[in-house]
Amino acid sequence: MAGRQKTWCTISAMRNIAPTPPSSARRLRWLLALPKLGIVLLLAAILSLLWLLHRNEMEEERAALIKDVLWLEQSLRFHLNSNEEQLQQLAADLTGQTEAKKLFRLRAGHQLKNNPEISQLLWFDAQGSVIDALPTTTLPDQEIAAFGPPVAAKAFELASRLGKRYYSEPFFLEGNRAVVELMNPIFDEGQLKGMLVVVYPLDALLGNLVPWWFTEKYKVEIIDDNDIQYATKTNIDNKGSQSYEIPFDPPGFGMKLRISNYQNADNSLQRGLTLAIFALAAGVFWSLWIVRDLMKKRSQAEEALSAEHAFRTAMEDSLTVGMRARDLNGKVIYVNPAFCKITGFSREEIVGTTPPMPYWVPEQIEETFAQHQRVMAGNAPPDGFEITFMRKNGERFDALVYEAKLIDGKGQHTGWMASILDVTERNRAEEFARMQHEQLQFTSRLVTMGEMASTLAHELNQPLAAIASYNTGCLNLLDRPACDVREIRPALEKIGVQAQRAGKIIRRVHDFVRKSEPKRAPCALGEVIEDCLGFVEPDARKRRIRIECTIPGLPPIPADRLMLEQVLLNLIRNGMEAMAATPEADRVLHIATETTDSELRISVSDQGCGIAPEIRDKLFTAFFTTKPEGMGVGLSICRSIIEFHRGRLWAEDNTHSPTGSGTIFAFTLPLEAA
Ligand code: ADP
């Protein structure tokens, strides 16, 4: 018991330990942290690379932008300078020229044609009145009154005063068109003779002087310090990623050229790529997470499995029942330690063997093989069967074997599983108990007989006395001289009858106390009752008890006659003893039988003291007695005998007794042998 408790403690301790995370879980966490760290580092490296590429690209873009801006500024300056020179030449040519107007028209027309960025060329006299103009003499609206807006007038005046070319500040015409005017004074011998004015709409300037390919790449704007936009040329109205500003001089006045590059398509590709990298990294993280979960579950399952395995092994090792598994061909595929311990063979010696097994008893090999065949055919008794096996040292032992189908995880019948119990000791103990019980029965019979000895002696005395007196009578007759031997015959016959009677009594006593094995054979219950009455009649006479007996023709029943006699005798004697205090007239013992379809019911009723309620439960307990010299084993033996015959024995109150008390002891016996 202590050992078993220890085993259970070990198992429960093992179960308690199982859920705590072992070092493998920590290792698993580390193993999973490594790829995560790797991915983070890879992501950082890719992002750094992308950032570097982007920075390089930006720098390259900026360098190209500056180069292009410088080129554009130079190109515009060159163009404006060239226009200035042509205008200066015209101004020089117009002085002292008789056909100045014609010349102006010719040259201005030529210049306008070659320089579409010029919207108008005007020729003023020194007072500011238009002498001529191309393409039309009509000035823009604001300029008609007092020669243009104050800005232009101021430029006119400054150019006149300074005596050199002068650009006006930019100003807006109607329709929000910004223009700049170039004033080129005409001097003749130091005298201001007039003014040539070129009108540059700034949008036309950009429109004509900025090549198409430039606007494919950049947005060009003319702005001032206050970020007021005067003109712009662009293909796409898009905010550039970077821009560069450079002074636009001429015309000056804080005007600047601002060039912005378009956000190129590559950018979105780059962004897409970055997004894709992030998405991929997120995907990898997600899959890692799932893998981590799976591995966690797997490791938990492994831990549970190993705990389960340890639990099973502990359970197997602690089993005292031998377990043996065989495949469908009868080959042993598994035995547990208890089986090895019972048989004395090692696992290696048994596993893999086929019939005949090393633990089969050689002299019973045929019966054992037949039993084996029954098991293999699926006909093993469900309640188990007993068989004799042999230990390795040759010792025989009784085994109680239970066979069951071995079903695998897929529900397939793959063999037979047997549990084997060594019942040698149990059988020995049972045999010992049985023998003791028999001995007790025998002793009980001897005791009964001992108690009846005096009445039996008295009973035996009667035939013996009769024999003696008949014998004396015979001798007397023989002594007579005229003796007729025929007269002796009846006396001798009576002697014979009395001798038979005495012999019958002696045989009955002998039969009753004879020690024999219980055996069931068909027996007539009427004869059994009659025999019993023969035994008890002298005692009943002594006690002045009347025995009434109603025995109809009864069918023979399979029973041990001697045992039934013992039961009846015990019940009759108990009944008679119970009536010791009953008035003489009521001392009646009644024996009755009753037959049903399946059983025979025999009852012994007395009109005695009855059974007190407090002792009713103890009646059939061995060694319970209320009598000063009683043994208390009678009823307990009666019950075991009746149960041996598959019947029932019980006691009930005799409610029909005229004395108001009394007991009925009744028992049943099956008519057919079970
Ligand atoms: P014993 O007769 O030696 O006492 P038994 O087992 O035959 O042993 O009886 C046990 C007890 O049952 C008796 O002592 C008695 O008290 C009670 N008993 C048995 N038969 C009767 C009966 N017919 N009436 C009353 N009491 C009974």
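About the thresholds
Residues numbered from 1 in each chain as written. Predicted model: local features only at pLDDT ≥ 70, side-chain atom pairs only at ≥ 80, totals over all residues. Heavy atoms only, no water. Helix = DSSP H or I, 4+ residues; strand = E, 2+ residues; numbered from the N terminus. Rg over C-alpha atoms; globule rule 2.2 N^0.38 Å. Buried < 20%, exposed > 50% of the residue type's maximum accessible area, 1.4 Å probe, protein only. Polar contact = N/O pair within 3.5 Å; in protein donor to acceptor, adjacent residues only side chain to side chain. Contact = heavy atoms within 4.5 Å. Near = heavy atom within 4 Å. Areas by Shrake-Rupley, 256 points an atom, 1.4 Å probe, with all protein chains shown as cover. Nonpolar A, V, L, I, M, F, W, Y, C, P; charged D, E, K, R; others polar. Pairing = 2+ DSSP bridges. Axes fitted to C-alpha atoms, helices over the stretch in contact; angles between N-to-C directions. Phe/Tyr/Trp six-rings, centres within 6.5 Å; stacked < 30°, edge-to-face > 60°. Lys NZ or Arg CZ within 6 Å of the ring centre and 35° of its normal. pLDDT = per-residue confidence, 0-100. Parallel < 35°, antiparallel > 145°, perpendicular 65-115°, else oblique. Left-handed = near helix turned anticlockwise from the far one by under 90°. Core = buried A, V, L, I, M, F, W, Y, C linked by side-chain atoms within 4.5 Å. Salt bridge = Lys/Arg side-chain N within 4 Å of Asp/Glu carboxyl O. Patch = residues over 30% accessible without salt bridge, like charges linked within 9 Å, V, L, I, M, F, W, Y side chains within 5 Å. Expected span 1.5 Å × (residues − 1). Bend = angle between axes of the 7 residues up to and from the residue.

### Looking at the overall build of the protein
- Tallying secondary structure elements over the protein gives 17 helices and 22 strands in all.
- For 674 residues, the compact-globule estimate of 2.2 N^0.38 gives 26 Å, and the C-alpha radius of gyration of the protein, at 69 Å, exceeds that figure by more than 25%.
- With the principal axes as the frame, the protein shows a C-alpha extent of 230 × 65 × 40 Å.
- Buried residues in the protein amount to 40% of all 674 residues.

### Thoughts on the side chain of Arg-258
- Locating Arg-258 in the fold gives a position in strand 10 (residues 256–261).
- For Arg-258, a relative accessible area of 17% gives the class buried.
- Engagement of the side chain of Arg-258 in a polar contact is seen with the side chain of Asp-227, the distance being 3.2 Å.
- The residues touching Arg-258, leaving out its near neighbours within four places in the chain, are Lys-219, Val-220, Glu-221, Ile-223, Asp-227, Ser-243, Tyr-244 and Glu-245.

### Topic: the site of the ligand
- What surrounds the ligand is a group of 19 residues, the closest being Asn-574, Thr-625, Thr-626, Lys-627 and Leu-635.
- Within the side chain of Thr-625, a nitrogen or oxygen atom sits 2.5 Å from an oxygen atom of the ligand.
- The contact in question runs from an oxygen atom of the ligand to an N or O atom on the backbone of Gly-632, over 3.0 Å.
- Notes on the ligand: free accessible area 530 Å², of which the protein chains cover 93%.
- Elements with a minimum of two residues in the shell around the ligand: helix 15 (561–578), helix 17 (634–644) and strand 22 (663–670).
- By residue number, the principal contributor to the shell around the ligand is helix 15, which donates four residues.
- In terms of residue class, the shell around the ligand is made up of seven nonpolar, 10 polar and two charged.

### Things to note about the sheet that holds strand 21 (residues 649–653)
- The five strands are arranged 17-19-20-22-21 in an open sheet whose pairing can be described as mixed. Edge positions in the sheet fall to strand 17 (546–550) and strand 21, since each of these pairs with one other strand and no more. Averaged over all pairs of adjacent strands, the angle between strand axes in this sheet comes to 15°, irrespective of strand direction.
- As judged from the five bridges shared by strand 17 and strand 19 (residues 588–595), these two strands associate in the parallel manner.

### Here we look at the packing of aromatic side chains
- Here the structure, examined in full by the defined rule, presents 11 aromatic pairs.
- Centroid distance Phe-339 to Tyr-359: 5.3 Å. Interplanar angle 80°. Geometry classified as edge-to-face. Residue Phe-339 is found in helix 9 (residues 337–343), and its partner Tyr-359 is found in the loop between helix 10 (347–350) and helix 11 (365–376); the two are separated by 20 residues along the sequence.
- Taking relative accessible area as the criterion, Phe-339 reaches 1% and is therefore assigned buried.
- By relative accessible area, which is 0% here, Tyr-359 ends up buried.
- One cation-aromatic arrangement involves Arg-520 over Phe-644; the distance from NZ or CZ to the ring centre is 5.0 Å.
- Stacked on the ring of Phe-620, the Lys or Arg Arg-639 has its end atom at 3.9 Å from the ring centre.

### Observations regarding the sheet that holds strand 8 (residues 229–233)
- Spatially, 8-7-10-9 is the arrangement adopted by the four strands of the open sheet, whose pairing is antiparallel. Both outer strands of the open sheet, strand 8 and strand 9 (243–247), are each paired with one neighbouring strand and no more. When the angles between neighbouring strand axes are averaged without regard to direction, this sheet yields 20°.
- Summarising the sheet, strand 7 (residues 218–223) and strand 8 pair through four bridges and their orientation is antiparallel. Counterpart to Ile-222 in the pairing with strand 8 is Ala-231.
- On the sheet, helix 6 (residues 202–209) packs against strand 7, strand 8 and strand 10 and is oriented at approximately 25° with respect to strand 8.

### A few points about the confidence of the model for the protein
- Of the residues in the protein, 91% have a pLDDT of 70 or more, and the chain-wide mean is 84.
- Taking the mean pLDDT of every element in the protein, the minimum, 38, falls on helix 1 (residues 2–17) and the maximum, 96, on strand 21.

### So, the packing of helix 14 (residues 525–543) against helix 15
- Across the interface, helix 14 lies against helix 15 with an axial gap of 9 Å and an inter-helix angle of 30°. Relative to helix 15, the element helix 14 lies roughly parallel. For the pair helix 14 and helix 15, the sense of crossing is right-handed. Facing Leu-525, Glu-527, Val-528, Ile-529, Asp-531, Cys-532, Phe-535, Val-536, Asp-539, Ala-540 and Arg-543 of helix 14, the residues of helix 15 in contact are Arg-561, Leu-564, Glu-565, Leu-568, Leu-569, Ile-572, Arg-573, Met-576 and Glu-577.

### Here's the deal with the nonpolar core
- Core analysis: the biggest nonpolar cluster contains 48 residues, and Ile-557, Leu-564 and Phe-667 have the highest contact counts within it.
- Aside from chain neighbours lying at most four places away, what touches Phe-667 is Val-567, Leu-568, Leu-571, Leu-600, Arg-601, Ile-602, Ile-642, Arg-648, Leu-649 and Trp-650.
- Leu-80, Leu-87, Trp-123 and Tyr-230 belong to the second-largest nonpolar core, a separate cluster that totals 42 residues.

### So, the pattern of salt bridges
- Enumeration over the complete set of coordinates arrives at 37 salt bridges.
- Ionic pairing is found between Glu-548 and Arg-546, a salt bridge with its closest N-O pair at 3.3 Å.
- Among the charged side chains, a salt-bridge network with shared partners connects Glu-221, Asp-225, Asp-227, Glu-245, Lys-256 and Arg-258.

### A closer look at a nonpolar patch on the surface
- Residues Trp-71, Trp-212 and Trp-213 make up a contiguous nonpolar surface patch of about 370 Å² in total accessible area.
- When you line up the elements, Trp-212 lands in helix 7 (residues 212–217).

### A closer look at helix 14
- With 19 residues, helix 14 ought to run about 27 Å at 1.5 Å a step, and its terminal C-alpha atoms sit 26 Å apart, in line with that.
- Taking the largest bend as the criterion, helix 14 deviates by roughly 45°, centred on Val-536, and proline Pro-538 comes between one and four positions later.
- Where helix 14 terminates, the next one or two residues include Arg-544, which has phi positive at roughly 60°.

### Some details on the packing of helix 15 against helix 17
- Two elements in contact, helix 15 and helix 17, have axes separated by 10 Å at closest approach and are oriented at 145°. Relative to helix 17, the crossing made by helix 15 is left-handed. Counted together, Met-563, Leu-564, Gln-566, Val-567, Asn-570, Leu-571 and Asn-574 of helix 15 and Gly-634, Leu-635, Ile-637, Cys-638, Ile-641, Ile-642 and Phe-644 of helix 17 form the full contact between these two elements.
- Residue composition of the contact of helix 15 with helix 17, grouped by class: 10 nonpolar, four polar and no charged.

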